[in-house]
Structures are given as structure tokens and as C-alpha cells.
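# Descriptive analysis of the structure
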Amino acid sequence: MFHSFFPRPKLFFASFALYAIACVVLWFTLVEGWGPRLSLGSLFGLTFPDALPVGADEAAQAAFAAAQEPAQTFWFYQYLALCYGLFTGLWYLLSRHRWRRWSVAGSALIVFLTWYQVQLDVMINEWFGTFYDLVQKALGSPGSVAADDYYGQLFTFGRIALLFITIAVLTSFFVSHFVFRWRTAMNDHYMSMWHKVRHIEGASQRVQEDTMRFATIMETLGVNLIDSVMTLIAFLPILWVLSGHITELPLIGQVPQPLVFVAILWSIFGTALLALVGVRLPGLEFRNQRVEAAYRKELVLGEEYADRAQPPTVRDLFDNVRRNYFRLYFNYLYFNVVRYAYLQVGVLVPYIALAPTIVAGTVTLGVMQQIIRAFGRVETSFRFLVNSWTTIVELMSIYKRLAAFEAAIANQPLPQIDRDYLERATLRPE
């Protein structure tokens, strides 16, 4: 599944994770302050302003910030390009993998595009604060806000949203091609050994259907995982700063950085709860594919041989299908009760946490909107497993089937779940 597309997958993904963490830490501890000395922004008119004198007035501070922000942003992009270039170039040169252009360079591009979308989301979050403060001012003091200022804010949002939509569409297009190349790599790998695998039960289904479903799920789940990590990196510091506006939590009282505290605890609680409730689902999904495959195979053989697919046999096979589906329905019943209850209660969590602050009137409407939106982004990133659990269950089922398929190819012992299935198959007709 992975060796066919990625060069030395375990080392590749482990090195990527460690390298990314190192780059983030290096930026915040050292490199962020090197911009005035090393940035090439002066070549493009993005020069760092001179340091402000002590006691500078508000106008000078505003002018300094207006010049500092674009210069610092451009310096960050230079650092980002260097980090991407070093990692991608090193793996591209050291690996002679057939698919390295897509797996290495393509992965880097997907991570960058996802990160850029998150940055646009951060810009939208900042816009919410400015816009709702403007609305509060307009409603509180009629005539204090000019129509041009109001429409100007809407136009600003439109520009950011248009860029976000463009990047999102291009990212989706590229990811689709990336994942299909991954499927092609798996298909080529399995077909190169077709003479060995054609006698394995369900070989055609593994090569055609499972690789297709694996690619389809990875297209959404993989990007969502990257987006969750990037969102967490971008919005957690924002929520940390915004938590400074919050003085206490209901029933608990004073807590340092209370919103971060609540987001982490609520997400951990939901993830653990859903994992516990849905612990049986991966095995049931796996067995569901087994009984479906046995039923389908008998019907296919019945097309060729008159003595196959006889009513008693087909009835027994379909009984197995029905029995397993009913187990799935029952398990998903209580799983969905817990899942949807958790998600609906989660909508109220930030408002409950903000209750003392809102009642005391110590924040503006704009700040409240920024806090709730940032809290939602952080909390959603932390509960990635909760939102994606049903998809993860399906992916785990497919992974188990392909792992058993590859074990059979390599003449290795089958996974325990396959051995259990074969033991049951010898005891009663499927």
C-alpha cells in the first residue's frame, strides 16, 4: 500500500514529522527575528522599518505595524520555501523510487497549499473581529459608521474568500490526481505479481475495489488530517492570546488560558468516548466485506457452472450478509447516539465557557466572534478522530484486507482476524 508509492515510507513519514516540528520550533525560537538581516524583501519594496523609539505615539506604532507585517510575512515565505526545498530536494536526490516526483514533491505541495488555506482562514478570523466591532459601533451609535466603511469591510471579505475558494479548488484538483497516482502505483505493484496472487481468494476485489476505496478515503481523510494539524498550529496561539480576555470559567473560577484548557479537555473527552463506543466497528466492517465477497463469488461462479449458486447455498450466504449488517446497524445505532449528542453539546461549550465574561460585558462583539471562531477551529482540530471516526473505521477495514492480501502474497502468517474468519468458515457454510 505504501511501499509502492512512497520511498521507504516509515522513514519518509517519520523524518517529515520530525523535520516539520524542528522547522516550527526553529522559526519561533531563532529565525523569526533574523528577517531584518537576511530577508530579500528589500528587493521587492518590502523593507523592515527601523525600530521605534521609546514612547512613540499611536500613529507611529500603527505605521510601524503596517510596514512590519508585510516584510515579516515575506521573510516567513522565504524561510518556508527553504524548508520545503531542503526536505524535498534531499529525498528526491537520495531516492530512486519510480513515483518520487508525485509522492515526495506532491506531498510537499499538498502540505503547502493546505497551510496557505489555513492562513486565509486566520485572515478571515481577524476580519470577523473588525467587522463585528464595526457592526456593534454602528448599532450602538447610529450614524457613527459611514456606508463606505461598511461596504469596504464586505469587499475585504470578498477578496479573501475568492482567494480561498480558488486555492481550495486547485488543491482539490491536485489531490485527486495525487491519490489516483497512488492507486496506480498499488495497482501496478499487485498486477506485477498477478501470476502469484490470482489464486488468492478475492484477489480481483483487492486489486480493483479495495485500492479504489483506499484511494478515495485517503483523498479526503489525509487532507483533513493535514488541515487539522495546520489549523491547530495556526489557531492555538490565537486562542491563547484571546484567552487573555477571559477572566474565569463557570463553576471552576480562575484558570490560566481557560479557553485552551476547555478546548483540549473537551476534545480529549470526545475522542476517548467515541473510540470506546466504536471499538467493535472496524472488525464488523472487515467481516462485512468478507461475507459480501463470499456471496458475490458464489454468484459469479453460478454464471459459469450450473451446479453453483444453488438456492440453499445462496440462502446461507445471504443469511451471513444479513446477520453481519444487522450487527453493524445496532452498533452504529448507539455509536451515533453518542456521537451526535457530543457534537450538539459541543456547539454550546464556548458560550458556556464565555458566560461570566459575556454577562460582565468585558468583551466586544467582535472579540467574542473571534474567540468563538478560534475556539471552534482549535476544538475541531483536536477532535479530528471524532469527526472522522466512521471514515477511519472504513479505512481500517480496507487496510486490514489489503494487509492480509499482502501477507498471502509474501507467504506470511495471516492476521488474527483472517485466521478467525477461516476457522469459522470451516465450521459452517458461508
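Residues numbered from 1 in each chain as written. Predicted model: local features only at pLDDT ≥ 70, side-chain atom pairs only at ≥ 80, totals over all residues. Heavy atoms only, no water.

In the annotation of an unreviewed UniProt entry, the entry for the protein reads Peptide/bleomycin uptake transporter, and the organism field reads Dongia mobilis.

## Quick look at the overall build of the protein
How we decide: Put simply, DSSP marks the helices as runs of H or I at least four residues long and the strands as runs of E at least two long, and each gets a number from the N terminus on. Note on classification: 1.4 Å probe, protein chains only; a residue is buried when its accessible area is under 20% of the maximum for its type, exposed when over 50%, partly exposed between these limits. For every accessible area listed, the method is Shrake-Rupley and the probe measures 1.4 Å; residues are considered covered only by the protein chains on display.
The number of helices and strands found in the protein is 14 helices and zero strands. If you list the helices and strands of the protein from N to C, you get α-α-α-α-α-α-α-α-α-α-α-α-α-α. The dimensions of the protein, computed from C-alpha atoms along their principal axes, are 95 × 55 × 40 Å. The buried share of the protein, taken over its 430 residues, is 41%. When the accessible surface of the protein is summed, it comes to about 24,000 Å², and 66% of that surface belongs to carbon and sulfur atoms.

## As for the nonpolar core
Where we set the bar: Buried Ala, Val, Leu, Ile, Met, Phe, Trp, Tyr and Cys residues that are joined via side-chain atoms within 4.5 Å together make up what is termed a nonpolar core. An automatic or database domain assignment is the source of the domain bounds shown. Any two residues whose heavy atoms approach within 4.5 Å at even a single point are treated as in contact.
F5, F178, W182, Y190 and F214 are the most contacted members of the largest nonpolar core, which totals 34 residues. Going through the elements one at a time, α3 (58-94), α4 (100-140), α5 (147-191), α7 (203-242) and α13 (384-409) are the ones with two or more residues in this core. Looking at which domains feed residues into this core, each of domain 1 (1-50 + 58-97) and domain 2 (100-245 + 390-429) gives three or more. Setting aside anything within four residues of it in sequence, one finds F178 in contact with F5, F6, W102, S103, G106, S107 and I110. Counting 33 residues, the second largest nonpolar core, distinct from the first, contains L239, L249, V255 and L354.

## Thoughts on helix α12 (residues 365-382)
For an α-helix, the turn length of 3.6 residues means that residues three or four places apart are oriented alike. How we decide: The span one expects for a helix is its residue count, reduced by one, times 1.5 Å.
Under the 1.5 Å per step criterion, the end-to-end length of α12 is 26 Å for 18 residues, consistent within 8% with the ideal 26 Å. Taken as a whole, α12 has its buried residues at G366, V367, M368, Q370, I371, I372, R373, A374, F375, V378, E379 and S381.

## Focus on the pattern of salt bridges
The line we're drawing: The working definition used for a salt bridge is a side-chain nitrogen of Lys or Arg within 4 Å of a carboxyl oxygen of Asp or Glu.
For the coordinates displayed, the defined rule picks out three salt bridges. For D121, the salt bridge goes to R373, with nearest N and O atoms at 2.7 Å. Residue D121 is found in helix α4, and its partner R373 is found in helix α12; the two are separated by 252 residues along the sequence. On the basis of relative accessibility, which here comes to 11%, the residue D121 falls in the buried class. Taking relative accessible area as the criterion, R373 reaches 15% and is therefore assigned buried. For D319, the salt bridge goes to R322, with nearest N and O atoms at 2.8 Å. Placement of the pair is D319 and R322 together in helix α10 (residues 311-353), with a separation of three residues, close to one helical turn.

## Thoughts on the domain arrangement of the protein
Selection criterion: Buried area adds together the accessible area that both of two parts lose upon being put together, with accessible area traced by a 1.4 Å probe. As used in this structure description, the phrase polar contact means that two N or O atoms lie within 3.5 Å; if the pair is within protein, one of them must be able to donate a hydrogen and the other to accept it, and residues adjacent in sequence are counted only when both atoms belong to side chains. Nonpolar residues are Ala, Val, Leu, Ile, Met, Phe, Trp, Tyr, Cys and Pro. Charged residues are Asp, Glu, Lys and Arg, and all others, Gly as well, are polar.
We note that the domain assignment places domain 1 (1-50 + 58-97), domain 2 (100-245 + 390-429) and domain 3 (259-362) within the protein. Computed from C-alpha coordinates alone, the two centres of domain 2 and domain 3 are separated by 19 Å. Between domain 2 and domain 3, the contact holds 21 residues from the first and 22 residues from the second. For the pair domain 2 and domain 3, the two sides together bury roughly 2,100 Å², of which 59% comes from carbon and sulfur. Remark: the boundary between domain 2 and domain 3 carries zero salt bridges. Taken together, domain 2 and domain 3 are joined by zero residue pairs in polar contact (both at pLDDT 80 or more). For the side of domain 2 that touches domain 3, the secondary structure elements donating two or more residues are α7, α13 and α14 (416-427). Of the residues belonging to the side of domain 2 that touches domain 3, the class tally is eight nonpolar, five polar and eight charged.

## What to know about the UniProt feature "transmembrane region" (unreviewed entry) in the protein
We apply this condition: UniProt positions are given in the numbering used here, feature names are shortened, and annotations may be inferred rather than shown by experiment.
Taking the numbering used here, the UniProt-annotated feature "transmembrane region" (unreviewed entry) corresponds to residues 12-30, 74-94, 101-118, 160-180, 221-240, 260-281 and 348-368. Helix makes up 95% of residues 12-30 and strand 0%. Its end C-alpha atoms lie 26 Å apart.

## Some details on helix α8 (residues 258-277)
With 20 residues, α8 should cover 28 Å at 1.5 Å per step; its first-to-last C-alpha distance of 28 Å lies within 8% of that length. Looking at α8, one finds that the buried residues are P258, L259, V260, V262, A263, W266, S267, G270, T271, L274 and V277.

## Observations concerning unusual backbone geometry
One non-glycine residue, R8, adopts positive backbone phi at about 45°. Within the fold, R8 resides in the segment before α1 (9-29).

## Topic: the environment of F155
Tracing the sequence through the fold places F155 in helix α5. When the C-alpha atoms of F155 and M396 are compared, they prove to be 45 Å apart, with 241 residues separating the residues in sequence.

## Let's talk about the packing of aromatic side chains
What counts is decided by this rule: Any two rings among Phe, Tyr and Trp, with Trp reduced to its six-membered ring, count as a pair given centres within 6.5 Å; such a pair is stacked if its planes are under 30 degrees apart, edge-to-face if over 60, and tilted if neither. Charge-over-ring placement is defined geometrically: NZ (Lys) or CZ (Arg) within 6 Å of the ring centre, and within 35 degrees of the ring normal.
Per the counting criterion, the structure on display carries 42 aromatic pairs. With 6.5 Å between their ring centres and 45° between their planes, W115 and Y116 make a pair best called tilted. In this structure, R100 packs its charged tip against the face of Y92, placed 4.5 Å from the ring centre.

## Details of the packing of α4 against α7
To keep things clear, this is the line we draw: Interaxial angle, 0 to 180 degrees, is taken between N-to-C directions of lines fitted to C-alpha atoms, where a helix line uses only the stretch in contact. Should an angle fall under 35 degrees it is called roughly parallel, over 145 degrees roughly antiparallel, and 65 to 115 degrees roughly perpendicular, with every other angle called oblique. Each helix crossing is assigned a hand: it is left-handed if the near helix lies turned anticlockwise from the far helix by less than a right angle, otherwise right-handed if that turn is clockwise.
At their nearest, the axes of α4 and α7 sit 9 Å apart, and the two run at 40° to each other. Judged by the inter-axis angle, α4 sits oblique to α7. Of the two possible hands of crossing, α4 and α7 adopt the one that is right-handed. Contact with α4, carried on its side by I110, V111, T114, W115, V118, Q119, D121, V122 and N125, involves V223, I226, D227, M230, T231, A234, F235 and I238 of α7 and no other residues of that element. Its residues placed into classes, the contact of α4 with α7 shows 11 nonpolar, four polar and two charged.

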